[in-house]
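For reference, the chains in residue letters:
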Amino acid sequence: MLISDAFAQAASTTQNEAGWVALLPMVGILILFYFLLIRPQAKRAKEHKQMVEALQRGDEVITNGGILGQILNVSESYVIIEIAPAIEITVLKSSVQTLLPKGTLRSIEPKGKSSKTKAAKADTSKTESAADTEESKDSDAEKK
């Protein structure tokens, strides 16, 4: 006979042990995901929820859209924020991203505002100096 008969071998118990060892890397990855991703995200969500529940009138906040303002009114689901004098917006409480320390908005001076103020002061001083030169010319003309 050219082909020999094949016989089944008895299963050994080491195969069962190898199955558990193969699961250890998967369990390690799950533990790693829990400590690096799931737990910190849950902690941040809990802190944000507490911050949103503690919002009150007069707090200075930043919304998720990057709008800075002061809270005028707080209702169950919404917050009215004053973003500029006489300009108010209504946003969801959950869209408030950060609670700022008191007085932060006063300390922030936008670039455009400071340059416009400086430009206006410069224009005023130019106008005043032009008026002074005209007055001196008029007084010189009267003397002659």
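Residues numbered from 1 in each chain as written. Predicted model: local features only at pLDDT ≥ 70, side-chain atom pairs only at ≥ 80, totals over all residues. Heavy atoms only, no water.

### Remarks on the overall build of the chain
Assigned secondary structure in the chain consists of three helices and five strands. Ordered by position from the N terminus, the helices and strands of the chain form the series α-β-β-β-β-β-α-α. The 144 residues of the chain split such that 14% are buried. Taking the contacts inside the chain whose residues are at least 6 apart along the sequence as the reference set, 41% of them involve residues at least 24 apart. Accessible area of the chain: about 12200 Å², with a carbon and sulfur share of 59%. (Helix = DSSP H or I, 4+ residues; strand = E, 2+ residues; numbered from the N terminus. Buried < 20%, exposed > 50% of the residue type's maximum accessible area, 1.4 Å probe, protein only. Contact = heavy atoms within 4.5 Å. Areas by Shrake-Rupley, 256 points an atom, 1.4 Å probe, with all protein chains shown as cover.)

### Remarks on the pattern of salt bridges
Counting across every chain of the model gives one salt bridge. Between Lys-102 and Asp-59 there is a salt bridge whose closest N-O contact spans 3.4 Å. A residue pair is termed long-range when its members are at least 10 positions apart, and Lys-102 in the loop between β5 (96-100) and α2 (104-107) and Asp-59 in the loop between α1 (14-53) and β1 (60-63) qualify at 43 residues. Look at Lys-102 and you get exposed, because its relative accessible area is 59%. You can call Asp-59 buried: its relative accessible area is 7%. (Salt bridge = Lys/Arg side-chain N within 4 Å of Asp/Glu carboxyl O.)

### Describing the pairing of β1
In β1, alternate side chains face the same way, and those of Glu-60 and Ile-62 on one face and Val-61 and Thr-63 on the other are all buried. Both β1 and strand β2 (residues 68-74) contribute to a ladder of three bridges, which runs antiparallel. The partner of Glu-60 across the bridge, within β2, is Gln-70. Where β1 folds back on β2, the antiparallel hairpin that results is connected by four residues, among which Gly-66 adopts a positive phi of roughly 90 degrees. Pairing analysis gives four bridges linking β1 to β5, with the strands arranged antiparallel. Along β5, the bridge assignment pairs Thr-63 with Val-96. (Pairing = 2+ DSSP bridges.)

### Description of the nonpolar core
Listed in full, the nine residues of the largest apolar core are Met-51, Val-52, Leu-55, Val-61, Ile-71, Val-79, Ile-81, Val-91 and Val-96. At the level of elements, α1 and β3 (78-84) are the ones that each hand at least two residues to this core. The contact partners of Val-61, leaving out residues within four places of it in the chain, are Leu-55, Ile-67, Leu-68, Gly-69, Ile-71, Ile-81, Val-96, Thr-98, Leu-99 and Leu-100. (Core = buried A, V, L, I, M, F, W, Y, C linked by side-chain atoms within 4.5 Å.)

### Side note on unusual backbone geometry
The phi torsion at Ala-86 lies on the positive side, around 65 degrees, for a residue other than glycine. Here Ala-86 lies in the loop between β3 and β4 (87-92). For Ala-86, a relative accessible area of 75% puts it in the exposed group.

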